[in-house]
Amino acid sequence: MAAINNPPPSQKRKAGVQRLIKHHLKIDMTPMVDLGFLLITFFVITTELAKPTIIDLYLPKDGQPTDAPASKSITFLTGSNDKIFYYYGEEKDAALKNHVIQTSWDEINGVGKIIREKQLQLDHVKGGRNEMVIIIKPGKESTYRNVVDLLDEMSIHGVKKYAVVKVGDKDSQFLAMYR
């Protein structure tokens, strides 16, 4: 084999094509992989936390309306400015006797308390609390949130029979007074 003669470093190089010196680059990909896994983890967790919740709302079939016994029913009226009112029995009786009462959205002293008290009353009656009917009447200026909050109260307290209906004439007049 022929020996390769490398010129000593002190000699000048000749003109012409110079040899290309290849440098081996070493790139550390560890930080890039860490960042990738952090991003994947972030997006997986945020999509799991951001799932919307769904309320089961069962709508009745078209047909004749079902009468609710006045002694076993509560009607909630929602109006503007997050005001909520309730009365027991029928709309005409509540308007004549002026038995529409304002309450709060508070679970302990408001809507929740009214539902629990009515359930306790009906526990001593034939049929029990399963016979209670709650009628939800959102006014024209009521918000979607108010209706959803009342529907949540139905599921929290285990109310089996409830309905969302249009506001009657006397109820709408009453809500107009408390704008």
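Predicted, not measured: the structure shown is a model, and the values here were computed from it. Position numbers for residues start from 1 in each chain and track the written sequence from start to end. Side-chain atom pairs in this predicted model are given and counted only at pLDDT of 80 or more, local residue features only at pLDDT of at least 70, and totals for whole chains, interfaces and linings cover all residues. Only heavy atoms go into the side-chain values, all of them from the structure, while hydrogens and water stay out.

Novice: It is not clear to me how the nonpolar core should be interpreted in this structure. Could you clarify?
Specialist: Grouped together as the largest cluster of nonpolar side chains are 16 residues, with contacts concentrated most on Ile-74, Phe-76, Ile-115, Met-132 and Ile-134. The way it works is that DSSP assigns letters per residue, a run of H or I at least four long becomes a helix, a run of E at least two long becomes a strand, and they are numbered from the N terminus. Listed by contribution, the elements that provide at least two residues to this core are β1 (73-78), β2 (84-88), α3 (111-122), β4 (133-138) and α4 (144-156). Here, the term nonpolar core denotes a set of buried Ala, Val, Leu, Ile, Met, Phe, Trp, Tyr and Cys residues that are joined through side-chain atoms within 4.5 Å. The buried label applies to any residue whose accessible area, calculated with a 1.4 Å probe on protein chains only, is under 20% of its type's maximum; exposed applies above 50%, and partly exposed to all values in between.

Novice: I tried to follow the packing of aromatic side chains on my own but got confused; where do I start?
Specialist: The description of an aromatic ring pair rests on the distance of the ring centres and on the angle between the ring planes. Here a pair means two rings of Phe, Tyr or Trp (six-membered ring of Trp) with centres within 6.5 Å. Their orientation is stacked below 30 degrees between planes, edge-to-face above 60, and tilted elsewhere. Enumeration over the complete set of coordinates arrives at four aromatic pairs. Judged by centre distance (5.0 Å) and plane angle (85°), the rings of Phe-85 and Phe-174 are edge-to-face. Note that Phe-85 is positioned in strand β2 and Phe-174 in helix α5 (residues 169-177), a separation of 89 residues in sequence. Across this residue pair, the class does not change: Phe-85 and Phe-174 are buried. For the ring pair Tyr-86 and Tyr-88, a centre distance of 5.7 Å and an interplane angle of 80° mean the geometry is edge-to-face.

Novice: Can you walk me through the side chain of Lys-118 in this structure?
Specialist: By the secondary structure assignment, Lys-118 is in helix α3. Think of it this way: Lys and Arg go in the positive column, Asp and Glu in the negative one, and His and the chain ends go nowhere. Whenever a carboxyl oxygen of Asp or Glu lies within 4 Å of a side-chain nitrogen of Lys or Arg, that contact is scored as a salt bridge. Look at Lys-118: it is buried, it has no salt bridge, and the nearest opposite charge is Glu-117 at 9.7 Å. In what follows, residue pairs with any heavy atoms lying within 4.5 Å of each other are defined as contacts. The contacts of Lys-118, once residues within four sequence positions are left out, are Ser-71, Lys-72, Ser-73, Ile-74, Tyr-88 and Met-132.

Novice: Looking at this structure, how should I read the pairing of β2?
Specialist: Of all five residues in β2, four are buried; the element is thus mostly enclosed. As paired strands, β1 and β2 are joined by five bridges and run antiparallel to one another. From the neighbouring strand, Phe-76 faces β2, where its bridge partner is Tyr-86. Between any two strands, pairing holds if DSSP finds at least two bridges. If you look at the hairpin formed by β1 and β2, you'll find five residues sitting between the two strands, and Asn-81 has a positive phi there, around 55°. The sheet contact formed by β2 and strand β3 (residues 101-103) spans three bridges and is antiparallel. Paired with Ile-84 across the strands is Thr-103, a residue of β3.

Novice: I keep staring at the pattern of salt bridges and nothing clicks. Help me out?
Specialist: Any two side chains of opposite charge can pair, given that their charged atoms come close. Evaluation of the coordinates by the stated rule reveals five salt bridges. One salt bridge connects Arg-145 with Asp-149, and the closest N-O pair in it is separated by 3.7 Å. Taken as a pair, Arg-145 and Asp-149 lie in helix α4 at a separation of four residues, close to a single helical turn. Residue Asp-149 is classed as partly exposed on the basis of its relative accessible area of 24%.

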